[in-house]
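Overview (structure and organization)
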Amino acid sequence: MKKLKIMSVFGTRPEAIKMAPLVKELEACEDVESICCLTGQHREMLDSVMEIFGLQSDYDLNIMEQRQTLSTITTKTLLGMEGVIEAARPDMILVHGDTSTTFAGALSAFYHQIPVGHVEAGLRTWDKYSPFPEEMNRTLVGDIADLHFSPTVANADNLRREAIGGEIFITGNTAIDAMRYTVRPDYVFHTPLLNRLDFSGKRVVVLTCHRRENYGQAMEDIMRATAKLAEDHPDVEIVYPVHLSPVVRECAARYLGGRDRIHLIDPVDVQEMHNLMARCYLVMTDSGGLQEEAPALGKPVLVLRRETERPEAIAAGTVKLAGVCYDEILAMANTLLDDPDAYAAMAKAVNPYGDGYACRRIVQAIRWHFGLEERRPADFRA
Ligand code: UD1
Ligand code: UDP
């Protein structure tokens with residue numbers, strides 16, 4: 001029997017985390033040949049995820065450069081994918097989310113007339129420059145894709161509003177599937193700092209910040225507000241696993257380096273990160289993935305951005321948009337640290353983004369599309 005060849009293309013940390021459980025689900029299908037192509041847009045942060053999930057790549061374009069530009073990521077991926085697609089001739093290419101790898105991966109599939117499945121489809125802010133370049137990446141991939149795997153009903157509605165072609169499935173977010181592999185109540189940290197932290201006696205605030213549109217004034221405001229927060233609250237410990245981008249590292253070191261109770265550490269692996277969030281008090285972040293994961297763990301999130309494409313957890317009450325200005329961020333964080341009622345109102349486990357079985361639905365949808373499955377998967381409903 002000829003197997004269905006499905007090639008997953010990804011290159012950054014969040015894509016790898018959210019594609020890993022899907023690759024595993026594909027590998028478990030007897031009638032599917034799962035092929036894994038890494039662009040290597042991230043290097044260390046990608047390799048760490050591959051190791052934790054025990055995944056091997058079939059192809060690795062290894063494109064990363066220090067301080068790479070959007071153009072180098074896109075062109076190196078396009079050129080590298082030529083040979084890979086010609087050698088592998090997959091029946092479908094899967095891409096995830098909204099990075100430059102996602103966009104270039106989908107575009108090269110299109111150039112070779114290979115159908116595209118888009119995982120995490122339909123997130124929108126409707127502002128083409130924010131997040132930048134992600135909003136345009138995902139919009140363009142939406143036009144290319146044949147199968148759209150939308151995490152939520154609202155994401156699917158966004159695609160319908162664009163009168164997009166192809167089939168839309170509501171699957172939940174695969175991030176929640178990934179957490180089934182990582183979060184353990186008896187987990188022991190291997191990062192020395194995390195092992196030493198007193199999670200019951202102190203209030204641990206997890207910070208991450210890396211978005212391109214926050215470079216400059218916004219990132220400086222975020223860092224300055226964080227410094228003040230630590231200064232004003234002696235029982236607060238801030239843990240910031242700093243992204244490997246030199247722009248981010250310079251800003252973090254400048255405003256937060258050498259301060260009491262602020263721990264700037266290297267990026268931690270995904271198991272460490274998920275279990276750190278499970279034990280923390282509060283998350284402050286401009287990350288997309290953290291906005292999905294923290295609510296599932298019952299942790300309040302302050303989003304350090306002007307907008308979000310993930311309104312579901314705001315509606316559910318566990319996430320608030322704090323913006324990127326010093327005064328607003330500080331005021332909102334102070335409220336959560338000083339007012340137990342305000343904190344309690346946000347600290348509730350809700351799961352608008354998934355039930356942990358998104359990958360099963362996605363694989364069923366792909367097999368159904370190719371006539372290997374009788375039934376279309378039932379939509380995920382929160
Ligand atoms: C990228 C994505 C962004 C996503 C983020 C997740 C684009 C345009 N941006 O942004 O959507 O939210 O990943 O983290 O696709 N670096 C290393 N080692 C690594 C990773 C990065 O040294 O393992 C450094 C390199 O100097 C690299 C720089 O970080 O040039 C920036 O990486 P890049 O992928 O261009 O941008 P991100 O900000 O990571
Ligand atoms: N993450 C991680 N280690 C870290 C910081 C984040 O494993 O030091 C995980 C996090 O749990 C989430 C993903 O990386 O699953 C989010 O990646 P990032 O914030 O870089 O990208 P975004 O989601 O904003 O695109």
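Before reading on, note that the structure itself is shown above.
About the cut-offs
Residues numbered from 1 in each chain as written. Chains lettered and ligands numbered in written order. Predicted model: local features only at pLDDT ≥ 70, side-chain atom pairs only at ≥ 80, totals over all residues. Heavy atoms only, no water. Phe/Tyr/Trp six-rings, centres within 6.5 Å; stacked < 30°, edge-to-face > 60°. Buried < 20%, exposed > 50% of the residue type's maximum accessible area, 1.4 Å probe, protein only. Lys NZ or Arg CZ within 6 Å of the ring centre and 35° of its normal. Near = heavy atom within 4 Å. Polar contact = N/O pair within 3.5 Å; in protein donor to acceptor, adjacent residues only side chain to side chain. Areas by Shrake-Rupley, 256 points an atom, 1.4 Å probe, with all protein chains shown as cover. Helix = DSSP H or I, 4+ residues; strand = E, 2+ residues; numbered from the N terminus. Pairing = 2+ DSSP bridges. Right-handed = clockwise from strand over helix to strand, strands pointing away. Axes fitted to C-alpha atoms, helices over the stretch in contact; angles between N-to-C directions. Parallel < 35°, antiparallel > 145°, perpendicular 65-115°, else oblique. Contact = heavy atoms within 4.5 Å. Nonpolar A, V, L, I, M, F, W, Y, C, P; charged D, E, K, R; others polar.

This next bit is on the packing of aromatic side chains. Within the structure shown, the criterion is met by 8 aromatic pairs. Judged by centre distance (6.1 Å) and plane angle (40 degrees), the rings of Tyr-129 and Phe-132 are tilted. Note on Tyr-129: relative accessible area 55%, which makes it exposed. Residues Tyr-187 and Phe-189 carry aromatic rings whose centres are separated by 5.5 Å and whose planes lie at 85 degrees to one another, so their mutual orientation is edge-to-face. The structure contains a cluster of three or more aromatic residues connected by ring pairs, namely Phe-149, Phe-169 and Trp-368. The ring centre of Trp-126 lies 3.9 Å from the NZ or CZ of Arg-161, which sits over that ring. In this structure, Arg-203 packs its charged tip against the face of Tyr-281, placed 5.0 Å from the ring centre.

If you check the shell around ligand 2, you find 18 residues, and the closest are Arg-13, Val-268, Ser-287, Gly-289 and Glu-293. Gly-289 is positioned such that a nitrogen or oxygen atom in its backbone is 2.7 Å from an oxygen atom of ligand 2. When isolated, ligand 2 has an accessible area of 530 Å², and the protein chains bury 94% of it. Counting only elements with at least two residues in the shell around ligand 2, the list comes to α1 (13-27), α11 (270-279) and α12 (288-296).

Most of strand β2 (residues 32-38) is tucked away: 6 of the 7 residues are buried. Bridging between strand β1 (residues 4-10) and β2 involves 7 bridges; their strand directions are parallel. Counted as the bridge partner of Ile-6 is Ser-34 from β2. Tracing the backbone out of β1, into α1 and back to the parallel element β2 gives a crossover that is right-handed. In this sheet, strand β3 (residues 59-60) lies alongside β2 in parallel orientation, the contact comprising 2 bridges. Note that in β3 the partner of Leu-38 across the bridge is Asp-60.

Quick look at unusual backbone geometry now. Residues other than glycine predominantly adopt negative phi, and peptide bonds predominantly adopt the trans conformation. The omega torsion across Ser-130 and Pro-131 is 0 degrees, close enough to zero to call that bond cis. Relative to the elements of secondary structure, Pro-131 occurs in the loop between β5 (116-119) and α5 (134-144). The amide bond that connects Phe-132 to the next residue, Pro-133, takes the cis arrangement and shows omega of 0 degrees. Mapping Pro-133 onto the fold places it in the loop between β5 and α5. A positive phi angle, close to 50 degrees, is found at Asn-62, a residue other than glycine. Mapped onto the elements, Asn-62 comes out in the loop between β3 and α3 (70-88). The phi dihedral of Gln-113 falls on the positive side, at around 55 degrees, and the residue is not glycine.

At a closest axis distance of 10 Å, the pairing of helix α7 (residues 174-182) and α11 adopts a crossing angle of 95 degrees. With respect to their mutual orientation, α7 and α11 come out roughly perpendicular. Of the residues in α11, those in contact with Met-179, Tyr-181 and Thr-182 of α7 are Val-270, Gln-271, His-274 and Asn-275. Partitioning the contact of α7 with α11 into residue classes produces 3 nonpolar, 4 polar and no charged.

Turning next to the sheet that holds β5. Spatially, the 7 strands line up as an open sheet ordered β3-β2-β1-β4-β5-β6-β7, and their pairing is parallel. At either end of the open sheet lies a strand with only one pairing partner, and these are β3 and β7 (167-170).

Judged by pairing direction, the sheet is parallel, and its 6 strands sit side by side in the order β10-β9-β8-β11-β12-β13 without closing on themselves. Unpaired on one side and paired on the other, β10 (262-265) and β13 (319-321) mark the two borders of the sheet. Taken over all neighbouring pairs, the strand axes of this sheet differ in orientation by 20 degrees on average, direction set aside. As paired strands, strand β8 (residues 203-208) and strand β9 (residues 236-241) are joined by 4 bridges and run parallel to one another. Each bridged residue has a counterpart across the sheet, and for Val-206 the counterpart in β9 is Val-239. This element, α11, spans β8, β9 and β11 (282-285) of the sheet and lies at about 135 degrees to β8.

In short, shape yes, function no, at least from these values alone.
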